[in-house]
Amino acid sequence: MSRAPSITILLPVYNGAKHIAAAIESALAQSDQDFELLVGNDGSTDETRDIVLRFTDPRIRFIDSTMNRGQFGNLNHLLGHVRTDLIKFLCHDDILMPECVAAHRHFFAIHENAVVSMCQAEMFNESGVLGYWPIVSTPFVYESRQALQLFLYHGCAPGNLTAVCVRREALSRIDGFDVSYSIAGDYDAWVRACEAGGGLGDLQQCLIRERHHDGRVSFASGAGVCFVRENRRIRARLLPLMPLSIRRNAARFVYLRPNVLDTNQFLSYLRHGHPKHALELLRVMGSDLPLGLLLWLLTLNNRLYRPKPRYADMPAEAP
């Protein structure tokens, strides 16, 4: 290329031989061809390396490593090789729809206050399409304070790393991903990026295909414990950042919704004969578990009563 591209598609991979070719092909098939594809091998022990090397497109840069840094360590390693202002993520088992890069790049061009953008997804597996994330409005931006409220009430709003595009400057400002997280490092990064003063953009377009399969990290044994531990850690960071006018209501919401869901995970481990994981979750939740059990019973796991988020200064499109 005679000049630097405008956006990098960042594709971290570990033992992704089964799906990596489809992911790369979807990147190369973008309608907006002004990109660089940065593929980072995180010490794979399968045929991932050989499959990536079969692609000879000059837009592909392959960062090969025999060291396994973990997902967020690998992402940080790759960030050091990014030369563009925008970074579009692509998990090795997902697919980008042809207009994905163009839509995110256009969104950032007209929304200078956004530092993170997210899109909607089609969910699929080997049998076909499973469903779609809802599209309820037109594109808009949550300002920093609004985004933090969204993250508290709805968790990791983008849901999937592949749904996200981010300004490189925003990740540099927060020193990249926190490698102390195993599952929720992306959630934590988007929170810190918005806390630092940036907006969260919602494209309200279905631009990716999210593959569901048994090999996903979220399906691993004990992943629920890690999910609860890390999400509770992020919520503890978020609560003091809520506007004073809603902070008490936000704390009440956390007890009545996320804490009840965490309790349900504990009960699920007991029902399915995983006492070790249940004990680990007991340690994570501590004194919150007895109250969680009471609220779980009173609300029938939020079926009888589910609290509604209370926002301060949110756009009309807010969920």
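Data block above holds the structure.
These lines cover the structure that appears in this document, whether it is placed above or below. (Residues numbered from 1 in each chain as written. Predicted model: local features only at pLDDT ≥ 70, side-chain atom pairs only at ≥ 80, totals over all residues. Heavy atoms only, no water.)

### Focus on the overall build of the protein
What counts, and what does not: Strands are runs of DSSP state E lasting at least two residues, helices are runs of H or I lasting at least four, and both sets are numbered from the N terminus onward. Restricting the calculation to C-alpha atoms gives the radius of gyration, and the globule rule supplies 2.2 Å times the number of residues raised to the power 0.38. Exposure classes here rest on a 1.4 Å probe applied to the protein chains alone. A residue is buried below 20% of its type maximum, exposed above 50%, and partly exposed in between. Should any heavy atoms of two residues lie within 4.5 Å, those residues are considered in contact. Here the Shrake-Rupley method, with its probe set to 1.4 Å, supplies the accessible areas, and only the displayed protein chains count as covering residues.
Of regular secondary structure, the protein possesses twelve helices and ten strands. The globule rule puts the C-alpha radius of gyration for 319 residues at 20 Å, and the 20 Å found for the protein is close to it. Overall, the protein is about 65 × 45 × 35 Å in size when its C-alpha atoms are taken along their principal axes. Residues classed as buried in the protein amount to 55% of the 319 residues present. Looking at the protein alone, contacts between residues at least 24 apart form 80% of all its contacts between residues at least 6 apart. Carbon and sulfur atoms make up 54% of the accessible area of the protein, which totals about 14,700 Å².

### Regarding the environment of Q120
Here is the rule: Here a polar contact means two N or O atoms within 3.5 Å. Within protein one must be a hydrogen donor candidate and the other an acceptor candidate, and residues neighboring in sequence count only if both atoms are side-chain atoms.
One can find Q120 in strand β6 (residues 114-125). Accessibility expressed as a relative area gives 6% for Q120, which makes it buried. For the pair Q120 and P134, spaced 14 residues apart in sequence, the C-alpha to C-alpha distance is 7.2 Å. The contacts of Q120, once residues within four sequence positions are left out, are W133, P134, I135, D202, L203, Q204, Q205, C206, L207 and I208. Side chain to side chain, Q120 and D202 meet in a polar contact 3.1 Å long.

### Notes on the pattern of salt bridges
Where side chains of opposite charge bring their charged atoms close, a pairing between them can arise. Put simply, the rule is: Every case where a carboxyl oxygen of Asp or Glu lies within 4 Å of a side-chain nitrogen of Lys or Arg is listed as a salt bridge.
Applying the stated criterion across every chain, the model contains 15 salt bridges. Between D57 and R59 there is a salt bridge whose closest N-O contact spans 2.8 Å. In this structure, D262 and R232 form a salt bridge, with 3.4 Å as the shortest nitrogen-oxygen distance. Here D262 is found in helix α10 (residues 258-271), whereas its partner R232 is found in helix α8 (residues 223-238), with 30 residues between them in sequence.

### Thoughts on the side chain of T48
Following the sequence through the fold, T48 ends up in helix α2 (residues 48-53). In this structure T48 comes out as buried when scored by relative accessible area, which is 0%. Here A17 takes part through its backbone nitrogen, which lies 3.2 Å from a polar atom of the side chain of T48. If sequence neighbours within four positions are ignored, T48 has contacts with V13, N15, G16, A17 and N41.

### So, the nonpolar core
What counts, and what does not: Residue types Ala, Val, Leu, Ile, Met, Phe, Trp, Tyr and Cys, when buried and joined through side-chain atoms within 4.5 Å, form a set referred to as a nonpolar core.
Core analysis: the biggest nonpolar cluster contains 49 residues, and L10, F89, F151, L171, F177, W190 and L200 have the highest contact counts within it. What F151 contacts, discounting residues up to four positions off in sequence, is A157, P158, Y187, W190, V191, C194, L200 and L238. Counting residues in hydrophobic clusters, the runner-up holds 35 residues, among them L37, A103, A121 and A163.

### Here's the deal with the packing of aromatic side chains
The condition is simple: Put simply, two rings from Phe, Tyr or Trp (the six-membered ring, in Trp's case) pair if the centres are within 6.5 Å, and we call them stacked under 30 degrees between planes, edge-to-face over 60, tilted for the rest. Distance and angle both matter: a charge sits over a ring if NZ of Lys or CZ of Arg is within 6 Å of the ring centre and within 35 degrees of the ring normal.
In the structure shown here, the tally under the stated rule is nine aromatic pairs. Judged by centre distance (6.1 Å) and plane angle (45 degrees), the ring pair of F151 and Y187 falls under tilted. Taken as a pair, F151 in helix α5 (residues 144-154) and Y187 in helix α7 (residues 185-195) lie far apart in primary sequence, 36 residues in all. The same class applies to F151 and to Y187, which are both buried. Put simply, the rings of F72, F89, F177 and W190 touch in pairs and so form one group of aromatic residues. The ring of F124 is capped by R209, whose NZ or CZ atom sits 3.9 Å from the centre of that ring. Seen from the ring of Y181, R233 lies directly overhead, with NZ or CZ sitting 4.0 Å from the centre.

### Describing the packing of α10 against helix α11 (residues 275-285)
What counts, and what does not: Axis lines are fitted through C-alpha atoms, for helices just across the contact stretch, and the angle between N-to-C directions can take any value from 0 to 180 degrees. Small angles under 35 degrees read as roughly parallel and large ones over 145 as roughly antiparallel, with 65 to 115 read as roughly perpendicular and the rest as oblique. Note on convention: near helix rotated counterclockwise from far helix by under a right angle means a left-handed crossing. Clockwise means right-handed.
At a closest axis distance of 8 Å, the pairing of α10 and α11 adopts a crossing angle of 155 degrees. Judged on the interaxial angle alone, α11 and α10 are roughly antiparallel. Both α10 and α11 take part in a crossing whose hand is left-handed. Between α10 and α11, the residues in contact are N259, D262, T263, Q265, F266, Y269 and L270 and H277, A278, L281, L282 and M285, respectively.

### Here we look at the pairing of β6
Formally: In this scheme, strands are said to pair when DSSP sees at least two bridges between them.
By the criterion of burial, β6 is predominantly enclosed, with eleven of the twelve residues buried. Pairing geometry for β6 and strand β9 (residues 164-167), over three bridges, is antiparallel. Paired with V116 across the two strands is V166, which belongs to β9. Sheet topology note: the β6/strand β7 (residues 128-132) ladder contains four bridges and is antiparallel. When the bridges of β7 are listed, M123 appears paired with G131.

### A short note on unusual backbone geometry
Despite not being glycine, L300 shows a phi value in the positive range, around 50 degrees. Using a relative accessible area of 42% as the deciding quantity, one classes L300 as partly exposed.

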